[in-house]
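# Structure assessment
Spelled out, the chains give:
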Amino acid sequence: ITLGGRNKDKLAAVKKTFDNDAMIQDVFVADGSDLERLKTMAKRTQVVLNCAGPYEKYSSLVVAACAEVGCDYVDITGEVAWVAKMREKYGEFAKASGARIVSLCGYDSIPSDMGVFCAVQALRESASQSKSKSSKSKGVQVENARIWHQAFGMPNGGTIHTF
């Protein structure tokens, strides 16, 4: 594993928090505005896991670099409008290079996705049991799902900068 980021001192501090020195091999410093450096980073790995935003401010060229060189990209953003821009701008490049661009894998999305998944799974199991009782039952087709959740506390710095 290589830790990558914008600040060498912060990366070194994060590296020290790992008990196993063999896990973190090195650090790679790249500014989010330096496309060539970001491409060098993306060429060195198979997957970039981006866990620091704000994404619209710092990560557009990270996505561009991954899409261009064929490196998979995953992030935890909740910046839906930015994700749409990235898909529009770099989707075809990623498709051509074989890169998979996967966004919205953080708190903003996971609880909702898991809630809907579990609800649909339970609904299908219930329908399956009913089907065995009645041969007229046709499976479950879910066309739309909405979920609401509430959290307490404050958003992190990246989220605040997004606003």
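Before reading further, recall that the structure is shown in the block above.
Right, let's talk about the nonpolar core for a bit. Counting residues in each nonpolar core, the largest one holds 21 residues, and the members touching the most others are Val48, Tyr73 and Trp82. Mapped onto this core, the elements with two or more residues apiece are helix H2 (35-43), helix H4 (60-69) and helix H5 (80-97). Broken down by element, the residue count for this core peaks at six residues, all from H4. Those residues in contact with Val48 that sit more than four places away from it in its chain are Met41, Val62, Cys66, Cys71, Asp72, Tyr73 and Val74.

Moving on to the packing of H2 against H4. Where H2 meets H4, the closest approach of the two axes is 8 Å, and the angle between their N-to-C directions is 50°. As summarised for this structure, H2 and H4 are arranged oblique, according to the angle between their axes. Here the hand of the crossing between H2 and H4 comes out right-handed. Facing Leu35, Leu38, Lys39, Met41, Ala42 and Lys43 of H2, the residues of H4 in contact are Leu61, Val62, Ala64, Ala65, Cys66, Glu68 and Val69.

A few words on the side chain of Asp72. The topology assignment puts Asp72 in strand E4 (residues 72-75). A distance of 2.6 Å separates a polar atom in the side chain of Asp72 from a polar atom in the side chain of Arg100. Look past the residues within four positions of Asp72 in its chain and what remains in contact with it is Gln46, Val47, Val48, Cys66, Gly98, Ala99 and Arg100.

This part covers the sheet that holds strand E3 (residues 47-50). For sheets, the rule is that strands pair by backbone hydrogen bonds, running either parallel or antiparallel. Pairing is parallel in the open sheet, where three strands are placed in the order E3-E4-E5. Only two strands of the sheet have a single neighbouring strand rather than two, namely E3 and strand E5 (101-102). Taken together, the four bridges between E3 and E4 define a ladder with parallel strand orientation. Bridging from a neighbouring strand, Leu49 pairs with Val74 of E4. Sheet contacts for H4: E3, E4 and E5; angle to E4, the most-contacted strand, approximately 150°.

Definitions and cut-offs
- Residues numbered from 1 in each chain as written.
- Predicted model: local features only at pLDDT ≥ 70, side-chain atom pairs only at ≥ 80, totals over all residues.
- Heavy atoms only, no water.
- Core = buried A, V, L, I, M, F, W, Y, C linked by side-chain atoms within 4.5 Å.
- Buried < 20%, exposed > 50% of the residue type's maximum accessible area, 1.4 Å probe, protein only.
- Helix = DSSP H or I, 4+ residues; strand = E, 2+ residues; numbered from the N terminus.
- Contact = heavy atoms within 4.5 Å.
- Axes fitted to C-alpha atoms, helices over the stretch in contact; angles between N-to-C directions.
- Parallel < 35°, antiparallel > 145°, perpendicular 65-115°, else oblique.
- Left-handed = near helix turned anticlockwise from the far one by under 90°.
- Polar contact = N/O pair within 3.5 Å; in protein donor to acceptor, adjacent residues only side chain to side chain.
- Pairing = 2+ DSSP bridges.

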